[in-house]
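Listed here are the chains, written in short residue letters.
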Amino acid sequence: MAKISRLSGEQRENLVAYLDGELDEAAAKEIEQALASSPVARHDVDMLSRTWDLLGQLPTSPAGEDFTSRTISSIRAAEKPKARVDDAAVSRAIRRTLGLAIALLVLLGAGTAGFLATNRWVPNEADEILNDYEVISELDKYLEAGDIDYLTKLQEHREFTEHDEPNTP
Amino acid sequence: MKPTRAEPTAAARDPDAKLMLRAKQGEEAAFTQLVNSYQDRLVGVLTHLVQDRQAAEDLAQEVFLKIYKARHGYEPTAKFSTYLFRIANNLASNRRRDVGRKREVTLAGSDSGPMGARPAEQILAETSGMMPARQFARIEIQAVVQDALSTLNDNQRMAVLLHKFEEMSYIDIAATLDTTVSAVKSLLSRARENLRVKLEPYVTQGTWGSQD
C-alpha cells in the first residue's frame, strides 16, 4: 500500500477502473497524468494488469456433453408431470372425500336404524317397570287383598266402593 | 463514470432476450437454444465460484429450471446474460449459506484440518512428484490463482469472474449483483488489489504473468 501512497484514495480506486476502460475522459486523463509522474503508480498498474492476466490460466470447465438434453429433460419432468399429478391429485382427493362422506352416511344410517330397532322391539328393564308402574305402585294393597274373590265381595258393599273409587286401579 | 442503468431499448434488442420472449410464448426450441448458448459460460463461472465442478453443473441446471419456470413473468428489462447471472448469483449465494450451515454441524472432514480446506501449497507438494515439470508448473499456477480467488469475498469473486470471463461492463455487473456501478467499481478495485498482493510474488519471482 505504501507503494501507491502518492496517489489519492480516489485515484487508487480509479486505477482499476482505468485499466478496465470504465472511466470517463476527464478521470482517465487524471490517471494518465498521475502515471506519467509516478514510477510507483506505473509499477502498480503493471502488477495489477499482470496479476489480472493470471486469471486466464484458470482451467476452463465446459458443461458435460449431454448437459442441454439433461437440462431440457429435467425441465419437462418438472413441468408436465406436475400438471398430471395435480389433476390426479384433485380427482383422488374428490374420490376420497366422497368415499368418506358415503361411509359416514352409512354409519350414521346404521346407527340410527340400530337405535330405533333396539328401542322399539327389544324391551329393556326400565320399559317393563314403566309398563307395570300402576300395579307396582299399588302392590302393597294387592298383597293385602290376597285374591280376586275378596276384592269382588268388597266391591259389592257400596260404602267401600264409593270411597275407594278414585284409588281403584 | 458511465450511466448507472442499462437502457431498456438495448435489452429489448438483445437477441437472447428475444429468444427468451419466444420461450415465454411456449417455444421450447428457443429455450433449448439459450441453454446451449450459455451452458459452458454458466458452468465455467459457477465452477470457479463454488470450486466444485459437479455442484456447478447442478447449480447451472437449477438456474435454467428456475428461468424456465419464471418464463411467463419474464420482461426484457436487462440483457438476458445479466438476468441469467443474477439468478445464478442468488442460487450460488443460497447454496453457500446451506453449505456453511452444514459445515457448522459436520466439523472436520477428512481433508480439512482445523484451519479449513488444505492450502494450495499442500496439495501441490503432494502432487509435484507425479508429473513432468511443465505440467506441474501449469497446475501449480492454476492452484495458486484459484487459491487467491478463494480469498475474495463472494461479491468480489463474482464481480471478478463476470468481468474477466463474461467481459461484463460495470453497469451489467451492477445489475447482476443488484448494486450500483460505484459499488462495483469499489468491489473490483479491492478485489484486484487483493489478487495483486497474493499473486505478485509469483509474477515477480517466476515466469508467470510475463507479457504473452
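Predicted, not measured: the structure shown is a model, and the values here were computed from it.

Engineer: It is not clear to me how the overall build of chain B should be interpreted in this structure. Could you clarify?
Structural biologist: When helices and strands are counted, chain B shows 10 helices and 0 strands. The helix and strand sequence of chain B, counted from the amino end, reads α-α-α-α-α-α-α-α-α-α. Each of the 212 residues in chain B was classed as buried or not, and the buried ones make up 45%. Accessible surface for chain B amounts to roughly 11100 Å². Of this, 50% is attributable to carbon and sulfur atoms.

Engineer: Could you clarify how one ought to interpret the pattern of salt bridges in this entry?
Structural biologist: Opposite charge on two side chains permits pairing when their charged atoms draw close. The final tally for this structure, using the stated rule, is 15 salt bridges over all chains. For the salt bridge of A:D44 with B:R196, the shortest nitrogen-to-oxygen distance reads 3.5 Å. Separated into two different chains, A:D44 in helix α3 (residues 39–54) and B:R196 in helix α10 (residues 181–205) make up a pair that spans both. Classification of A:D44 as buried rests on a relative accessible area of 2%. Classification of B:R196 as buried rests on a relative accessible area of 5%.

Engineer: Before we go on, may I ask you to explain the nonpolar core in this structure?
Structural biologist: A general feature of soluble globular proteins is that nonpolar side chains tend to end up buried together. Judged by nonpolar contacts, the single largest core of 80 residues is most densely connected at B:F31, B:L42, B:L46, B:I67, B:F80, B:L84 and B:V160. In terms of residues, this core owes the most to one element, helix α3 (residues 28–50) of chain B, which gives 11 residues.

Engineer: Got a minute to help me understand helix α8 (residues 154–165) of chain B in this structure?
Structural biologist: An α-helix turns once every 3.6 residues. As a result, residues three or four positions apart point the same way. All names here are of chain B. End to end, α8 covers 16 Å across 12 residues, agreeing with the expected 16 Å (1.5 Å per residue, within 8%). The complete set of buried residues in α8 reads Q156, R157, M158, A159, V160, L161, L162 and H163. In this structure N153 caps α8, since a side-chain oxygen of it lies 3.2 Å from the backbone nitrogen of N155. Positive phi shows up at E167, right after α8, with a value of about 50°.

Engineer: Where do I start with the interface of chain A and chain B in this structure?
Structural biologist: When the parts come together, some accessible area is lost, and that loss is often what is quoted as the size of the interface. Between chain A and chain B, the residue contacts involve 43 residues of the former and 50 residues of the latter. Taking both sides of the interface into account, the surface hidden between chain A and chain B amounts to around 4500 Å²; carbon and sulfur atoms contribute 59%. There are 4 salt bridges connecting chain A and chain B. Measuring nitrogen to oxygen at the nearest pair gives 2.4 Å for the salt bridge that ties A:R76 to B:E28. One can count 19 residue pairs in polar contact (both at pLDDT 80 or more) joining chain A with chain B. Elements supplying a minimum of two residues to the side of chain A that touches chain B: α1 (9–19), α3 and α4 (67–121) of chain A. No other element matches α3(A), which puts 11 residues into the side of chain A that touches chain B. Of the residues belonging to the side of chain A that touches chain B, the class tally is 18 nonpolar, 12 polar and 13 charged.

Engineer: Even after reading the chapter, I still don't get the confidence of the model for chain A, so can you show me in this structure?
Structural biologist: Predicted coordinates in areas of low pLDDT are best not read in detail. Confidence in the prediction of chain A, expressed as mean pLDDT, is 81, and 83% of residues score 70 or more. Within the model, the stretch residues 1–5 of chain A combines pLDDT values under 50 with 9 contacts to residues more than four positions away or in other chains.

Engineer: Which parts of the structure should I look at to understand the side chain of B:E200?
Structural biologist: Residue and element names in this part refer to chain B. Along the polypeptide, E200 turns up in helix α10. Judged by its relative accessible area of 10%, E200 falls in the buried class. Of note is the side chain of E200, whose polar atom sits 2.5 Å from the side chain of R196.

Engineer: Explain the packing of aromatic side chains to me, please; I cannot follow it from the model alone.
Structural biologist: A ring pair, where both rings are aromatic, is described by two values, the distance of the centres and the angle of the planes. Per the stated rule, a full pass over the model turns up 6 aromatic pairs over all chains. Taking the centre distance of 6.0 Å and the plane angle of 65° together, the rings of A:F67 and B:F64 count as edge-to-face. Pair noted here: A:F67 is in helix α4 and B:F64 is in helix α4 (residues 53–69), and the two residues belong to different chains. Per residue, the accessibility class of A:F67 equals that of B:F64, and both read buried. Taking NZ or CZ as reference, B:R71 lies 3.9 Å from the ring centre of B:Y68, over its face. A cation sits over an aromatic face here: B:R192 above A:W52, 4.2 Å from the ring centre.

Engineer: What is the right way to look at unusual backbone geometry in this model?
Structural biologist: It is generally the case that most residues other than glycine have a negative phi and that most peptide bonds are trans. Residues and elements named next belong to chain B. Even without being a glycine, Q51 presents a positive backbone phi close to 55°. Position of Q51 among the secondary structure elements: in the loop between α3 and α4. The partly exposed category is assigned to Q51, whose relative accessible area is 40%. A positive phi angle, near 50°, is found at E167, a position not held by glycine. Mapped onto the elements of the fold, E167 is located in the loop between α8 and α9 (170–177).

Cut-offs applied
Residue positions are given per chain, counting from 1 as you read along its sequence in written order. Chains carry letters and ligands carry numbers; both start at the beginning, A for chains and 1 for ligands, and go up in the order they are written. A pLDDT threshold of at least 70 governs which residues receive local features in this predicted model, and a stricter bar of 80 or more applies before side-chain atom pairs are shown or counted, although totals over entire chains, interfaces and linings include all residues. For the side-chain quantities, the full set of heavy atoms in the structure was used; hydrogens and water were omitted. Only DSSP runs of H or I covering at least 4 residues are called helices, and only runs of E covering at least 2 are called strands; the numbering of each starts at the N terminus. Relative accessible area decides the class of each residue, using a 1.4 Å probe on protein chains only: under 20% of the type maximum gives buried, over 50% gives exposed, and in between gives partly exposed. For the area figures, the Shrake-Rupley method with a 1.4 Å probe applies, and any residue is considered shielded solely by the protein chains shown. Take a side-chain nitrogen of Lys or Arg and a carboxyl oxygen of Asp or Glu: if they are within 4 Å of each other, that pair is a salt bridge. Definition of nonpolar core: a set of buried residues of the types Ala, Val, Leu, Ile, Met, Phe, Trp, Tyr and Cys, connected through side-chain atoms within 4.5 Å. What a helix should span is 1.5 Å times the count of its residues minus one. For this analysis, a polar contact is any N or O atom pair within 3.5 Å, provided that within protein one partner can donate a hydrogen and the other can accept it, and provided that sequence-adjacent residues contribute only side-chain to side-chain pairs. Note on contacts: a residue pair is in contact if any heavy atoms of the two residues lie within 4.5 Å. In this description, buried area is defined as the sum, over both parts, of the accessible area (probe of 1.4 Å) that is lost when the two are combined. Ten residue types, Ala, Val, Leu, Ile, Met, Phe, Trp, Tyr, Cys and Pro, are classed as nonpolar, four, Asp, Glu, Lys and Arg, as charged, and the remainder, Gly among them, as polar. What pLDDT expresses is the predictor's confidence in each residue, scored from 0 to 100. Each pair of aromatic rings taken from Phe, Tyr and Trp, with Trp reduced to its six-membered ring, is defined by centres within 6.5 Å and is described as stacked if the planes are under 30 degrees apart, edge-to-face if over 60, and tilted in the remaining cases. Working rule: Lys NZ or Arg CZ, within 6 Å of ring centre, within 35 degrees of ring normal, means a charge sits over the ring.

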